[in-house]
Amino acid sequence: MQTDIDPKEPIKVDNQPKKKKKNDAVVGYLLLAPALILILAISIWPVFQSFYFSLFDLRLNEPTKSEVHLDYQIDLDRYLQNYPFLVGAINSEIDNGNSSEELTEMKTTLENLDASIKENPQAAENYDVINEKLDKFENIPDDMKYVEIDESVAEDFTSSVKAINNDLMTINENGSLEKGDKIVGLSSALTEIVVEPNFIGLEHYKENLTDQRMWKSLWNTSVFTFISVLAELILGLAIALLINKAFLGRGLIRASILIPWAIPTAVAALMWKFLYDGQNGIVAKLFEDVGLIDRMSMLLTTDTGAMFSVIFADVWKTTPYMALLLLAGLQTIPSSLYEAASIDGASKWKQFVNITLPLLKTSLLVALLFRTLDAFRVFDLIYVLTGGGPANSTETISMLAYTLMFTQTNFGEGSAISVVVFICVAIISGIFIKLLGAELINDGTGKK
């Protein structure tokens, strides 16, 4: 059999499909780029920022730790507000007849320390400028306040000033100084002039691993999330099945069911706080009459009662949201499947098990994903209702992060807790997304 193909001529391969696929991929990434940039700016970047802050001992109530410092620095602003007056006060003591050799040595030591600071070019440059601004009561720019110095200079300055401060306190106790309290106050202020590096690495995370309060808050969060989401799933599915039926006034019922979810969380929490009140709370009185609790005050004053209270309030508020998500899934199931099952003699329960649940699985996973993540990050409901009490029995991991960062102004440790929250949320999301992805890929026959 003869062919016209020359064996020496190379076979041409059509690369057009591959090029087209590459072009389609590029176009796809370009379309996704704005959304990815937005997610990076709003969601991912704050997480990296929190992780960065968690590596430092940041405390807003301590001037030397209120900012990130990677090197030894000296606060020239505070230094020049105290050093000249301290030297002047010591000179005044000497001029008034206090011929103590210790005071003379202190003066010499302070002058030598001042000279060592001026040896730094940046300090020497800012020294006179800051002095002039202080004389005119002008604000000092932040970039001029802190000057980087060598570690040896910083250690020598700190040790010398602390020794001078201790000696002045001893002399003042003996009554040898005319203006002793003023001098001691100025010398004490100088001990806080040097700013040490506050980089501590993963120290916050090591402390949290052994912190019982962190583990208790994580346990409280897990208990709240599991019980509330499970209850909302069961009740939400039941409500969705009911309002999916055709009956008179269905639109009005659907609208009224969504009212609890539409109420702002803080308002709903405050309302339930009144209802749980140990003296005048209607719900507390009802639970006591039914026998759920021994006395009305147990709801907000005991560990179990407080946890039950916040879960009950959350279930009341968020069940409509779960019902709405599941109702959307039920609307996608063809009614012809139920009609065919009825003709075959399948009972309502068999229809639910063999038709509703399998076809509703994707919607269930999506609803569970949204609610689990939302419940795990709960803050406002518990903050208003119980404040995390009693005795931190309802304190969640988000509340702990808030308390550390804004109440105790410990931004470093609070940022570490925030990163822990992110890790937990990422793990939960990964599990659900893997389950959801497998469900979407699977065609229902076990084949991909």
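Treat the numbers as computed from the prediction; the structure is a model and nothing was measured. (Residues numbered from 1 in each chain as written. Predicted model: local features only at pLDDT ≥ 70, side-chain atom pairs only at ≥ 80, totals over all residues. Heavy atoms only, no water.)

1. Remarks on the confidence of the model for the chain
Close reading of the predicted structure is inappropriate where its pLDDT is low. As a reminder, the rule being used: Confidence of the prediction at every residue is given by pLDDT, a number between 0 and 100. We call two residues in contact when some of their heavy atoms are within 4.5 Å.
Summary statistics for the chain give a mean pLDDT of 83 and a share of 92% for residues scoring 70 or more. pLDDT under 50 marks residues 443-448. Its contacts with residues more than four places away, or in other chains, come to 3 contacts.

2. So, the sheet that holds strand β1 (residues 73-75)
Just so we agree on the cut-off: In this analysis, strands are considered paired if DSSP registers two or more bridges between them. Numbering of helices and strands starts at the N terminus; helices are DSSP runs of H or I of at least 4 residues and strands are runs of E of at least 2. Geometry is summarised by axes, namely lines fitted to C-alpha atoms with helices restricted to the contacting stretch, and by angles between N-to-C directions that run from 0 to 180 degrees.
The 3 strands lie next to each other as β2-β1-β3, forming an open sheet whose pairing is antiparallel. A strand with exactly one partner marks an edge of an open sheet, and here the two such strands are β2 (146-148) and β3 (194-195). Sheet strands in contact with helix α2 (residues 76-95) are β1 and β2, and its direction is about 50° off that of β1.

3. Brief notes about a negative patch on the surface
Put simply, the rule is: Residues qualify for a patch when their relative accessible area is over 30% and they have no salt bridge, like charges being joined within 9 Å and the nonpolar side chains of Val, Leu, Ile, Met, Phe, Trp and Tyr within 5 Å. Computed with a 1.4 Å probe, the accessible areas rest on the Shrake-Rupley method; for each residue, only the protein chains presented here act as cover. Salt bridge, as used here: a side-chain nitrogen of Lys or Arg that lies within 4 Å of a carboxyl oxygen of Asp or Glu. By the counting scheme adopted, Arg and Lys are positive, Glu and Asp are negative, and His together with the chain ends is not counted. Lys charges are placed at NZ, Arg charges at CZ, Asp charges at CG and Glu charges at CD. For every residue, the accessible area (1.4 Å probe, protein chains only) is compared with the maximum for its type, and the residue is labelled buried under 20%, exposed over 50%, or partly exposed between those bounds.
Taken together, the side chains of Glu101, Glu102, Glu105 and Asp167 make up a negatively charged region of the molecular surface. With 3 residues, helix α3 (residues 101-118) is the single largest residue contributor to the negative patch. Relative to the helices and strands, Glu102 is located in helix α3. Judged by relative accessible area, Glu102 falls into the partly exposed class, the value being 39%.

4. Some details on the packing of aromatic side chains
Selection criterion: Pairing of aromatic rings covers Phe, Tyr and the six-membered ring of Trp, with a centre-to-centre limit of 6.5 Å; geometry is then stacked below 30 degrees between planes, edge-to-face above 60, and tilted otherwise.
All told, the structure shown has 19 aromatic pairs when counted by the stated rule. Arranged with centres 6.3 Å apart and planes meeting at 40°, the rings of Phe51 and Tyr205 form a pair that is tilted. Here Tyr205 lies in helix α8 (residues 203-209) and Phe51 lies in helix α1 (residues 16-54), a separation of 154 residues in the sequence. Judged by its relative accessible area of 37%, Phe51 falls in the partly exposed class. Classification of Tyr205 as buried rests on a relative accessible area of 16%. Here Phe56 and Phe199 contribute two aromatic rings whose centre-to-centre distance is 5.4 Å and whose plane-to-plane angle is 70°, an arrangement assigned as edge-to-face. In this pair, Phe56 sits in the loop between α1 and β1 while Phe199 sits in the loop between β3 and α8, placing the two residues 143 residues apart along the sequence. A relative accessible area of 1% means that Phe56 is categorised as buried. The class of Phe199 is partly exposed, set by a relative accessible area of 48%. An aromatic cluster of at least three residues, connected via ring pairs, comprises Trp272, Tyr276, Phe287, Phe308, Phe312 and Trp316.

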